[in-house]
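Tertiary structure, described
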Amino acid sequence: GAVVSQHPSRVICKSGTSVKIECRSLDFQATTMFWYRQFPKQSLMLMATSNEGSKATYEQGVEKDKFLINHASLTLSTLTVTSAHPEDSSFYICSALQGEGYTFGSGTRLTVV
Amino acid sequence: AQTVTQSQPEMSVQEAETVTLSCTYDTSESNYYLFWYKQPPSRQMILVIRQEAYKQQNATENRFSVNFQKAAKSFSLKISDSQLGDTAMYFCAFSISGGYNKLIFGAGTRLAVHP
């Protein structure tokens with residue numbers, strides 16, 4: 001079946017640095033990818049929708065300058081958390097649209113110290 | 001705007017018994033999809049079942065079935081013969097048919113299956 005590979009699975013970074021998370025569709029072309037954030041014991045909150053070759057669409061309240069999304073190819077979308085702060089610590093999950101279904105990455109646990 | 005509501009934060013069930021998780025949604029769209037996803041402790045999102053709104057027949061997948069009431073905007077999940085491996089967070093989700101439409105999640109229900 002369709003697989004989305006998400007890396008890294010865990011990352012610890014220092015406050016003020018930037019972190020890049022990658023999501024790659026392994027056996028299909030993902031024109032559209034979604035990025036979610038999940039706090040402990042809470043639901044998935046959509047951050048942005050990325051379409052290959054165009055600018056991402058951010059949800060209300062999400063800082064586009066802080067969470068940079070790039071979808072430069074049909075198989076790769078990246079989320080860069082810039083100037084990370086402890087409050088950015090969270091679980092980030094990507095999802096690729098395939099037909100009328102969605103395939104999820106395995107998530108990235110980001111800890112900012 | 002579309003919303004998805006799961007009113008049961010936590011549920012528990014004995015192994016081999018049946019449990020029903022509730023979900024209601026609100027939309028003015030006529031063509032859409034509804035989903036139930038399972039998130040075990042590994043946090044990998046796993047599709048449990050999917051329902052197209054234009055289909056009147058309730059979707060089933062082995063021990064999992066839904067009760068889709070379009071007029072009431074209700075989409076409950078029934079798990080039969082519960083197994084310990086069913087212990088997880090369950091999310092109800094909604095997307096509009098066609099285009100690049102985002103998946104909107106409910107708050108989730110934490111299900112514990114006890115031996």
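So, how was this worked out
Each chain carries its own residue numbering, running from 1 in the direction its sequence is written. For this description, chains carry letters from A and ligands carry numbers from 1, given in the order in which they are written. Note on the predicted model: pLDDT of at least 70 is required for a residue's local features to be given, and 80 or more for side-chain atom pairs to be given and counted; whole-chain, interface and lining totals, by contrast, use all residues. Note: side-chain values were computed over all heavy atoms of the structure, leaving out hydrogens and water. Only DSSP runs of H or I reaching four residues or more are called helices, and only runs of E reaching two or more are called strands; each is numbered from the N terminus. The quantity called the radius of gyration is restricted to C-alpha atoms. Its globule counterpart is 2.2 Å times the number of residues to the power 0.38. The rule is simple: take the accessible area with a 1.4 Å probe, protein chains only, and divide by the maximum for that residue type; under 20% is buried, over 50% is exposed, in between is partly exposed. Working rule for contacts: check all heavy atoms of both residues, and any pair within 4.5 Å makes them a contact. Working definition of accessibility: Shrake-Rupley area with a 1.4 Å probe, residue cover restricted to the visible protein chains. By the counting rule applied here, Lys and Arg register as positive and Asp and Glu as negative, while His and the ends of each chain are not counted. To locate a charge, take NZ of a lysine, CZ of an arginine, CG of an aspartate or CD of a glutamate. In this description, buried area is defined as the sum, over both parts, of the accessible area (probe of 1.4 Å) that is lost when the two are combined. One speaks of a salt bridge when a side-chain nitrogen belonging to Lys or Arg is within 4 Å of a carboxyl oxygen belonging to Asp or Glu. Two N or O atoms count as a polar contact when they lie within 3.5 Å, although within protein this holds only if one can serve as hydrogen donor and the other as acceptor, and sequence-adjacent residues are included solely when both atoms are side-chain atoms. Classes in brief: Ala, Val, Leu, Ile, Met, Phe, Trp, Tyr, Cys and Pro nonpolar; Asp, Glu, Lys and Arg charged; the others, Gly included, polar.

Check the secondary structure of chain A and you find zero helices and eleven strands. For chain A, the α and β elements follow one another from N to C terminus as β-β-β-β-β-β-β-β-β-β-β. Computed over its C-alpha atoms, the radius of gyration of chain A comes to 13 Å, within 12% of the 13 Å expected for a compact globule of 113 residues. Oriented by its inertia axes, the alpha-carbon framework of chain A measures out at about 40 × 25 × 20 Å. Every one of the 113 residues in chain A was classed for burial, and the buried ones make up 50%. Contacts spanning at least 24 positions in sequence make up 52% of the contacts within chain A whose residues lie at least 6 apart. Taken as a whole, chain A presents about 5400 Å² of accessible surface, with 51% of it coming from carbon and sulfur. Taken together, the 10 basic and 9 acidic charged side chains of chain A have centroids lying 9 Å from each other.

Right, let's talk about the interface of chain A and chain B for a bit. Across the boundary between the two partners, chain A contributes 23 residues, which contact 21 residues of chain B. The junction of chain A with chain B conceals about 1800 Å² of combined surface from both sides, 52% of it contributed by carbon and sulfur atoms. The largest per-residue losses of area from chain A upon contact with chain B belong to E100, Y102 and F104 of chain A, which jointly make up 34% of the total buried on that side. Our count for the chain A to chain B interface comes out at one salt bridge. Ionic pairing is found between K102 of chain B and E59 of chain A, a salt bridge with its closest N-O pair at 3.2 Å. The tally of links from chain A across to chain B stands at eight residue pairs in polar contact (both at pLDDT 80 or more). At the level of elements, β4 (32-38), β5 (44-51), β9 (90-98) and β10 (101-104) of chain A are the ones that each hand at least two residues to the side of chain A that touches chain B. Counting residues per element, the side of chain A that touches chain B draws most heavily on β4 of chain A, which supplies four residues. Taken together, the residues of the side of chain A that touches chain B break down into ten nonpolar, nine polar and four charged.

Moving on, we come to the environment of L21 of chain B. All names here are of chain B. You can see L21 is positioned in strand β3 (residues 19-21). When the C-alpha positions of L21 and M11 are compared, they lie 8.0 Å apart, and in sequence the two are ten residues distant. Those residues in contact with L21, other than ones at most four positions away along the chain, are Q8, M11, W36, S76, L77, Y90 and T109.

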